[in-house]
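# Reading the structure
Here is how the chains run, residue by residue.
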Amino acid sequence: MSKTETGNFFEDFRLGQKLRHATPRTVTEGDRALYTALTGSRFALQSADSFAQNCGLHAAPLDDLLVFHIVFGKSVPDISLNAVANLGYALCRFGVPVYPGDSLSAVSEVIGLRENSNGKTGVVWVRTVGRRQDDAVVLDYVRWVMVNKRDPSAPAPEAVVPDLPGSVPADSLRIPEGLQFCGYDPELAGSPYLWDDYSDGERIDHLDAMTLEEAEHQLATRLYQNTAKVHFDQLAANENRFGRRIVYGGHVISIARALSFNGLAGAVKILGINSGRHVSPTFAGHTISAWSEVLERHEVRGRRDLGVLRLRSLAVKDRRCNDFPDTDAEGKPDPSVVLDLDYTVLMPRHC
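Quick caveat: nothing in here was measured; it's all calculated off a predicted structure.

## Things to note about the overall build of the protein
Per the secondary structure count, the protein includes 9 helices and 11 strands. For the protein, whose C-alpha radius of gyration is 20 Å, the value lies close to the compact-globule estimate of 20 Å for 351 residues. A total of 351 residues make up the protein; the buried ones form 54% of that total. Sequence separation of at least 24 residues holds for 79% of the intrachain contacts in the protein that already meet a minimum separation of 6. Summed over its atoms, the accessible surface of the protein is roughly 15,300 Å², and 50% of this surface lies on carbon and sulfur atoms. Across the protein, the centroid of the 38 positively charged side chains sits 4 Å from that of the 45 negatively charged ones.

## Some details on the nonpolar core
Judged by nonpolar contacts, the single largest core of 53 residues is most densely connected at Phe-68, Leu-139, Tyr-224, Leu-309, Leu-339 and Val-345. If you tally residues by element for this core, the top one is helix 3 (residues 64-79), at 8 residues. In contact with Tyr-224, other than residues within four places in its own chain, are Arg-25, Tyr-35, Leu-66, His-69, Ile-70, Gly-73 and Tyr-248. Among the nonpolar cores identified, the runner-up in size contains 22 residues, and Val-168, Ala-189, Leu-194 and Leu-306 belong to it.

## Topic: unusual backbone geometry
With a phi close to 50°, Leu-91 is a non-glycine residue in the positive phi region. With respect to the helices, strands and loops of the structure, Leu-91 is situated in strand 3 (residues 83-94). Residues other than glycine seldom take positive phi values, yet Asp-135 does so here, at roughly 80°. Topologically, Asp-135 is positioned in the loop between strand 5 (121-131) and strand 6 (137-148).

## Notes on the layout of surface pockets
Considered as a void within the structure, the largest pocket measures approximately 890 Å³ in volume. Lining the largest pocket are 39 residues; nearest its centre among them are Ala-83, Val-84, Ala-85, Val-230 and Ile-246. Elements supplying a minimum of two residues to the lining of the largest pocket: helix 3, strand 3, strand 6, helix 6 (229-232), helix 7 (234-237) and helix 8 (249-259). Counting residues per element, the lining of the largest pocket draws most heavily on strand 3, at 6 residues.

## Focus on the side chain of His-206
Following the sequence through the fold, His-206 ends up in strand 7 (residues 203-211). Engagement of the side chain of His-206 in a polar contact is seen with the backbone oxygen of Asn-262, the distance being 3.0 Å. Dropping the residues within four chain positions of it, His-206 is found in contact with Leu-259, Ser-260, Asn-262, Gly-263, Leu-264, Ala-290, Trp-291 and Ser-292.

## Digging into the packing of aromatic side chains
A ring pair, where both rings are aromatic, is described by two values, the distance of the centres and the angle of the planes. Applying the stated criterion across every chain yields a total of 11 aromatic pairs. A centroid spacing of 5.5 Å and a plane angle of 80° characterise the contact between Phe-51 and Tyr-184, whose relative ring orientation is edge-to-face. Placement of Phe-51 in helix 2 (residues 49-54) and of Tyr-184 in the loop between strand 6 and helix 4 (186-189) is noted, with a sequence separation of 133 residues between them. Both residues of the pair, Phe-51 and Tyr-184, belong to the buried class. Ring geometry for Trp-291 versus Phe-324: centroids 5.2 Å apart, planes at 70°, classification edge-to-face.

## So, empty space enclosed by the protein
Counted under the stated rule, the structure contains 2 cavities of 30 Å³ or more. Considering only enclosed or pocket space, the largest cavity measures out at about 110 Å³ in volume. In this structure, the largest cavity is lined by 16 residues; those nearest its centre are Leu-62, Asp-64, Pro-97, Val-98 and Lys-269. A per-class count over the lining of the largest cavity returns 12 nonpolar, 2 polar and 2 charged. Roughly 30 Å³ of internal volume is contained in the second largest cavity. Around the second largest cavity sit Ile-253, Ala-256, Arg-257, Ser-260, Ser-313, Leu-341 and Tyr-343, which together line it. Among the elements of the structure, helix 8 and strand 11 (337-348) are those that each provide at least two residues to the lining of the second largest cavity. With 3 residues, the top contributor of residues to the lining of the second largest cavity is helix 8.

## Some points on the packing of helix 1 (residues 29-39) against helix 8
Their axes nearest at 9 Å, the elements helix 1 and helix 8 cross at an angle of 80°. Relative to helix 8, the element helix 1 is oriented roughly perpendicular. The segment helix 1 lies against helix 8, with Tyr-35, Leu-38 and Thr-39 engaging His-251, Ser-254, Ile-255 and Ala-258.

## What to know about the environment of His-286
As for its position among the elements, His-286 is in the loop between strand 8 (269-278) and strand 9 (287-300). When the C-alpha positions of His-286 and Glu-213 are compared, they lie 8.3 Å apart, and in sequence the two are 73 residues distant. Ignoring anything within four residues of it in the chain, the contact list for His-286 reads Met-210, Thr-211, Leu-212, Pro-281, Lys-317 and Asp-318. A polar atom in the side chain of His-286 sits 3.1 Å from the backbone nitrogen of Phe-283.

Definitions and cut-offs
- Residues numbered from 1 in each chain as written.
- Predicted model: local features only at pLDDT ≥ 70, side-chain atom pairs only at ≥ 80, totals over all residues.
- Heavy atoms only, no water.
- Helix = DSSP H or I, 4+ residues; strand = E, 2+ residues; numbered from the N terminus.
- Rg over C-alpha atoms; globule rule 2.2 N^0.38 Å.
- Buried < 20%, exposed > 50% of the residue type's maximum accessible area, 1.4 Å probe, protein only.
- Contact = heavy atoms within 4.5 Å.
- Areas by Shrake-Rupley, 256 points an atom, 1.4 Å probe, with all protein chains shown as cover.
- Lys, Arg positive; Asp, Glu negative; His and termini not counted.
- Charge placed at Lys NZ, Arg CZ, Asp CG, Glu CD.
- Core = buried A, V, L, I, M, F, W, Y, C linked by side-chain atoms within 4.5 Å.
- 1 Å grid on protein atoms, 1.4 Å probe; cavity = no way out; pocket = protein on both sides within 12 Å on 5 of 7 lines; lining within 4 Å.
- Points joined across faces, edges and corners; volume = space filled by probe spheres on them.
- Polar contact = N/O pair within 3.5 Å; in protein donor to acceptor, adjacent residues only side chain to side chain.
- Phe/Tyr/Trp six-rings, centres within 6.5 Å; stacked < 30°, edge-to-face > 60°.
- Nonpolar A, V, L, I, M, F, W, Y, C, P; charged D, E, K, R; others polar.
- Axes fitted to C-alpha atoms, helices over the stretch in contact; angles between N-to-C directions.
- Parallel < 35°, antiparallel > 145°, perpendicular 65-115°, else oblique.

Taken by themselves, the reported measurements are silent on function.
Below is the structure:
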């Protein structure tokens, strides 16, 4: 009897099924350094203990997206090892900050299933919760993924598609305890622009770009212990319609976030991801640029030191963003767009 695991196929999932993911992970300063090397992220709150201490925290927390990727990676062997593609995210809320030395684990619940019309694949919706060693929630989110069937003749389950809101409810967003921006230094943060300086509908071309390298995107994905075949296994890739290893979509999110520093350096903390789509696949050799639009600004009751921005960031491949590509003449996504991310950030205000 084989002791190896083939991973779950679409017909293995059941509505309400709970999956306790293997391999808890203690995060270290080495993880932070490698994440910075692979993405170029330079937001001040996550970069320097002294800066974070001036903002009321005892040390610099790990980057929010590094936490997201580690929790996401825990779920891959059980949920998306046999995936065709990860399709989207919703209702993502960041919880307590994570610091070097914390240990992270994750549990997922299947909340939706729908077989595709081709009978060869299906879509699985899961809610994943990541926790710290003291059981405090560091992250919870919903994602949906297209998964291959092991046996195309296996009967389809009753279709259940969860009804997901378009954004994370504002009253469920979590501001870390103790975080305050009265001691925030805009010069050290890299930009004089704070929450008050942005307006609804404003669009920002982040100008910078980054070409994805084969070794780097695979190293980044291994950092998160993400084992999805589509990112590593060329023999498996030969069987997909692209014939190439696909860059982990989360790596593209991190690159877009890192590029957004030029224009949004004050967006030092991600509170939540409202929705996200990987519009088209990305491969090594593509050059990623990004632009963002301010969707909404919100004050925080009782706080004069900080405010909330809801942003829409688009990552595009192999073109500049000076004309803000979005949709084509027929209203379909512009073919250069690889990521469409709607997320909410915390920014300091002019005190």
